[in-house]
Structure formats: C-alpha cells, structure tokens
Amino acid sequence: MKQEDTTTPEQPRPPARLPLWANPRIGLVVLLIALIALFTTLRPAFLNTQLTLVPMQADISVYAVVGLSQLAVLSLGHMNMAVGRMAAMSAFASGLLHDRLDAPLILALAGGLAMGALLGALAGLIISRTGVNSFVVTLALDFALIGLVSLLYASFTDGVAFNGLPAGMSSLRTDTFADYCAGDVCGPEIPLLAPIALVAVLVVGLLFRWSRTGREVLMAGSNAKAAELSGIPVRLRTIQAHALSGLLAGLAGFLLSANNGAFSAGVGDGFLLPSFLAPVLGGTLLVGGAVSVLGTVLGTAITQVIYKGLNLLQFQVDELKLYIGLVLLAALSLDRLRHVLAERRGVPA
Amino acid sequence: MRPFVRLGSTVGVLALVIAAAACTKKEETPEGGATALTAAQVKVALVPGGAHPYFQPWKDAGGKAKTDFAFGDVTFNETAGWDQTKQNDVLTSLAAQGYNAFGIFGVAPESINSTFENLKKQGFHVGSLASCPAGDKNLADFCLSTDVQEAAYKAAKAAVDAMGGQGNLVHLTGNKVDSNTQRRIAGVQKAVDETGGKVKLLDTITDIDKDLQTAQKAVADLLAAKGSQVNAIVTTAYNPAVAAAGGVKQAKLPIKVIAIDDDPTIIAGIKAGEVAATVLQNPVGQAYVGSYALVKLSEGCTMATPGVIIDSGSFVVTTANVATYDNDRAAKTTSLKSDFDSKYLTCAK
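As the structure is a prediction and not an experimental result, all values here were calculated from the model.

A.B. asks: Which residues make up the side chain of Ser114(B), and what values do they have?
C.D. replies: Residue position: Ser114(B) is located in helix H4 (residues 112-121). Judged by relative accessible area, Ser114(B) falls into the buried class, the value being 8%. Among residues more than four places away in sequence, those in contact with Ser114(B) are Arg173(A), Asn260(A) and Gly261(A).

As structure tokens, this is what we get:
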C-alpha cells in the first residue's frame, strides 16, 4: 500500500496578475476612444447619429462577422482565402430561394448559411484529407467560385443580381430600434442588423471559451500532432472549423446584401483584407491556438472608425489608403511594444 | 452556477419576447426635402464609383457649373474604390459635412437604388450620373447617362462597317458582373445579329478594365493566340480601348479597332488612321447639366417625371469628324440643359 505523503506539496506559483495596461483588449478600447475623440474634435459631424453613427454600426456588424469567419480558421493556424466568394455563393443561395421558391426571410437566411457551411466543410475536408496547405486550397476554391458565381447569376437572373428581397430585409437595412416603440418608450439608435452580428459574436465566443469542440480546435491549432496523440479528432475539428468559417462568411454575405439592398454577384468582393485585419489587430494569432473574439470586434470597430474619420476629413483615395496603412501599422507596433514590455515583466500578455 | 445561467437566459429571452411583442413601428415621417433652398445653400457632391480617367472631366465641369449657376459649393470624391459599401460610406460622410445634393455614379447598378432611397429619405436630391440603376426602376430624381447598350450598338455597327460587313469580331469590355457590361454585350450582339451571320463574334473578353496593364496583357494574349483570325476589335471600356489601339499598332496587324472615349492616344490613332473610330460619351455634360438640375431641384423645382432616364449622348468619331467632334458634344450639353428647363423640370416661377 502506498504510503500517504504527509508533506505539503509545493504549490505552483500563481501567474503574475495581468496589469491593466497589459490587457490587449484594454489597449484596443483606449485606442478606439482616442480615435473617436480625435475625429470628433476634427469633425463634430462624426457624432451625427443618422449620417455617421448608424451607418457605421451597420458596417461594423457586417465586418465583425467577416472577421469572425477568418478567426474560425485562424484558430487552427489556417487561412480562408475564399471568404468573399463563400459569402457571394451564400447570397446567391438566399436570393435563389427567395426568387424561385418565394422563401421568407428566415428560410432565405437558413439556405444561405447552409450553403456557406457546406462550402467551408468542403474546404476543410480537402485540407484534412490531402494535407495541402489551407492557403492553396481556399485560394483555388476562391478562383473556382468566382467563375461559378458569374455563371450562376448569368443563368438564373437577367443581370448580376436578384431583383427582390424577402419581406423584412429592407427594414433590416433602413430601420433602427428607435423606429420601434412600446408606448412612448422607443429603442436606441442601433440598426436592426446589429443584434444578428451580436448573436454571432456570442456564439463564437462561447464556442471557443466553453465548449469542448472549441477548445479542441484551439489545441489542434496549437499543436496538431500533440492534439492527435491526445485523442482529439483533428481532421474532424479541421472540417468543423472550416464549416464554421463558411457559415459565418454566409452570414456576412446575408448582412451585406441586406445593407446594400440586393443579393448580387458583387457581395463579398471586399471581404478578404478586413477579414484578416480585424482578428489580427484584435490579438488573434496567425499561427493558431489562440483567438480573441472581443478583440476581433474591437479591431473591426477601430478599422471602421478610421475609415469613417478619414472619409469625413475628405482624404482622397491614395491618401486614404496611405493613412489607413500608417495608422494600422502604428496600432500593431504599439501592441507589439506592449507584448515585449509585458514579457520582460513576466506577465503573459 | 449553471442553473443560474439557464434561469438568467430564460428570463432574458422572455423579457425580449415580451418587449418585442409590445413594440409597434413608428409612423413613417413624410420624406424631407420639401424646404426650398437658395442656390447659395446648395452644396453638390459629384461621386464617381472610384478613380477612373472617365470621370476626370467631372472636376472642371463641376467647378464651371458652380461659377455659372452660383451655388454654394461643389466637391469631387472618388474614394469609393469600386466598392458599394465604401461608396455608401463616402456618401453619408459627405452628407454629414453638409453636402445636400448628390450626382452619383453607382458602383453596383443592381443595388444603387437602395442608396438613392436612403439619401432621398434624408431629404437630399440625387442624380444618377453616367450610369442608371439596373432593372426598369430609377429611384434617383433623374438619370443622366450614356445609353450604354445604344453606344455599344453604335460602336459594333461602326466595327462591322470598318471590316467591310463580314469577318470575325472581338469585343473587349469591363466587369462581367456589372449590369452595364451585360447591356454592352447585348448591344454588340444586336449589331452582330443584324449582319445575318456574315460577322461572327469570335470572343467577348470581360474583366479587363481594372487598369491599363491588365488590358494590355489581355490584348497581347488575344493577338498572339488569334491575331490572324480577327478582322476587328470593338472595345466598350476605357482601358481595353487604349490597350487595343496600342497593341494592334505595335503588332502591325490589319485589324480595325473601334475604341471608346477620347484618350489622347486614341484621338492621335484616329488622326493617324490606326484607329478606325471611337465612340465618345459626354462626361462634361453629365456633371455640368447634372449639377444644374440638382440646384434647380434644391431650389424647389420638381421632376415632371420622377426618375426619368435621359441619354447624355454618344458620338461616333472617325477621321472625317475628328477635328470637330467637340462642337457636337458641346451642342448636346447645351441642348440637355434647355431640355431640363423645358421638359424635365417643373418650376413654380
């Protein structure tokens, strides 16, 4: 019989408490507030509810979901270069369902999400079966889908878009909660699109923080070999993460279609860069194993605030690109500096 | 912990459902814009879809309109970057800065009506310039644009004439998933069909108007692969026109080139007999007369037919009229302005 150890085992030293300045999310919030203050000082119209704040919230809603779509595969250390075209195919599926089967809003949305998830799962399946790099597989898929989207719209519509939208979708574009009142109490000036994006944020956040599947995806992303040896079904998790990415791309395509007013072939054209920008700015690692959902939302908000601010300052196209690049480089450098300082002090940042 | 979470979320969902059920939508406020402004209060924004040589004459034409019609201000903003979401952002930013009349080339003709609708709801006047919305509905106050199908038809007819009524024709054009491109393709097809099979449309090459390099590469590839079979090239987009004129000259092939617009290389090519013809549009007239109409609408005039579509003119230029073509264009601009006064606008005084 094993003798009980009477000596008290040495407790592992608890990790140093994270100081406020070392929390990346706090840094992003401070940056966001500073940018809003700066642009408001330079252009008071920045706080115009109808013309600035409401459209900006709608854009943030769309691009936060785009960022989450990329985050879903960044968790594995993968990339989804077809995020825009998956959105376009999903928008096509939604449009077709409404146009041909007169599907209501919720069914059109479900059809679009299913299409996105299927495309994502296909990419995940190819990657996990062949072992080919996700960059190559999704880039090839993107090329194939560009052609397919054009062909499908040419076959099923007169031009490059479906004429109609399901009932209620125009309200998603134009209305805010302030348009809906219970007695004299009306809602806040938040567009109806925002809660849809919020649900996506909560679901993805809960998935990666609390669910077994989410944690296993992160472990597979951190070290696929070790995860496999620990009994984690890495292939299945790869397919699931890519399916989630496709599903979120589909949701982003639906939200953009609502925002722009048509299910069209152009949906998703501008998704690729923002899809990386928001999660990386928000602290998600490109190498996998760690994600930050809240950081992605803050990263999206910062990018949109910069766009809106520079637009209000009437920067011309080349200057706009230059300054957005500079501001983002500065933001990323500051974040890196914060990391280095935190590491020197032995604090995990 | 879990029972509390469950209870909390159930109560939350119930509260939301009850609140949503008790809500009613606010009555729509009537459209704004009824207040007449003085000319000095009118600030016109001319917004192309992105940076493109076609729109450069809008700058001077807008400035001249401001001087001639003594209105408050005019700006030219091409930061949309060929992305409808960004263009919407640019437009609301301009509105937040006090611009109250908009001449817009919509990036996405299939969804631009939603953008027009949003702006008009805020009480602004909107003219769709250089491109009309896809479909048969225009929600802007008016559309002043080249009839692109008619212009492509004229260009293809000129090509058929130049190639002696028979042979192989190639059509070079812009973004395939753009309804204007679909109209151009239809215009060229109509002219080809009218030849009763004598002229064969060998190829329609799309998506090469992004920049000059892309167009030059496509033309070089075309000439290398099928140069000896091609009798004429008709181009319905700017960059392919410049590239085709240069490429055919360099390859010394007996191919007739029908270009579009009046880039100096194209005009020089016509004078030298290397370019058979070009089809000109009227960007100056669009910006100048468009600004005039927007000022009149802001002053209290109304459109006799809201959403009317007006052809801003297209002109076939050959060696015969290359010295005098601008007179025709100036005359068309003058007649467009008189048409607004006499036919399209209804003014109280």
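Further notes follow.
A.B. asks: Got a sec to walk through the sheet that holds strand E8 (residues 199-205) of chain B? Specific residues and values, please.
C.D. replies: Residues and elements named next belong to chain B. The mixed open sheet is built from six strands, whose spatial order is E8-E7-E9-E10-E11-E14. Bordering the open sheet on either side are E8 and strand E14 (315-317), each of which pairs with just one other strand. Neighbour-to-neighbour, the strand axes of the sheet open up by a mean angle of 20°, direction not taken into account. Sheet topology note: the strand E7 (residues 167-172)/strand E9 (residues 232-235) ladder contains four bridges and is parallel. Of the residues in E9, the one forming a bridge with Leu-169 is Ala-232. Here helix H5 (residues 148-162) sits on the sheet and contacts E7, E8, E9, strand E10 (256-260), strand E11 (277-280) and E14; the angle it forms with E10, its principal contact strand, is near 160°. Sheet contacts for helix H11 (residues 325-344): E11 and E14; angle to E14, the most-contacted strand, approximately 175°.

A.B. asks: Describe the UniProt feature "transmembrane region" (unreviewed entry) in chain A, and please don't skip the residues or the numbers.
C.D. replies: All names here are of chain A. Under the UniProt annotation, the feature "transmembrane region" (unreviewed entry) is placed at residues 20-39, 60-83, 103-127, 134-156, 192-210, 239-256 and 276-299. Between the end C-alpha atoms of residues 60-83 the distance is 17 Å, and the span holds 67% helix and 0% strand. As annotated, residues 276-299 comprises 54% helix and 0% strand, and the C-alpha atoms at either end are separated by 10 Å.

A.B. asks: Can you lay out the pattern of salt bridges for me, pointing to particular residues and giving the numbers?
C.D. replies: Residues and elements named next belong to chain A. For the structure on display, the rule yields 18 salt bridges over all chains. The closest approach of N and O atoms between Asp-142 and Arg-85, which form a salt bridge, is 3.1 Å. You can see Asp-142 sitting in helix H5 (residues 134-156) and its partner Arg-85 sitting in helix H3 (residues 83-101), a full 57 residues away along the chain. Given a relative accessible area of 10%, Asp-142 falls into the buried group. For Arg-85, a relative accessible area of 16% gives the class buried. Each member of the salt-bridge network shares a partner with another, and the members are Arg-85, Asp-142 and Asp-269.

A.B. asks: Please give an account of the nonpolar core that cites residues and values.
C.D. replies: All names here are of chain A. Counting residues in hydrophobic clusters, the biggest one holds 59 residues, and the most contacted among them are Val-65, Leu-68, Met-86, Phe-263 and Phe-271. Of all the elements in the fold, those that place two or more residues in this core are helix H2 (49-74), H3, helix H4 (105-130), H5, helix H6 (169-174), helix H7 (193-210), helix H8 (212-222) and helix H10 (234-260). In terms of residue count, H10 provides more of this core than any other element does, eleven residues in total. Apart from the residues within four sequence positions on either side, Met-86 is in contact with Asn-80, Leu-119, Gly-120, Ala-123, Leu-141, Leu-145, Gly-246 and Ala-249.

Rules and cut-offs
- Residues numbered from 1 in each chain as written.
- Chains lettered and ligands numbered in written order.
- Predicted model: local features only at pLDDT ≥ 70, side-chain atom pairs only at ≥ 80, totals over all residues.
- Heavy atoms only, no water.
- Helix = DSSP H or I, 4+ residues; strand = E, 2+ residues; numbered from the N terminus.
- Buried < 20%, exposed > 50% of the residue type's maximum accessible area, 1.4 Å probe, protein only.
- Contact = heavy atoms within 4.5 Å.
- Pairing = 2+ DSSP bridges.
- Axes fitted to C-alpha atoms, helices over the stretch in contact; angles between N-to-C directions.
- UniProt positions renumbered as here; feature names shortened; annotations may be inferred.
- Salt bridge = Lys/Arg side-chain N within 4 Å of Asp/Glu carboxyl O.
- Core = buried A, V, L, I, M, F, W, Y, C linked by side-chain atoms within 4.5 Å.

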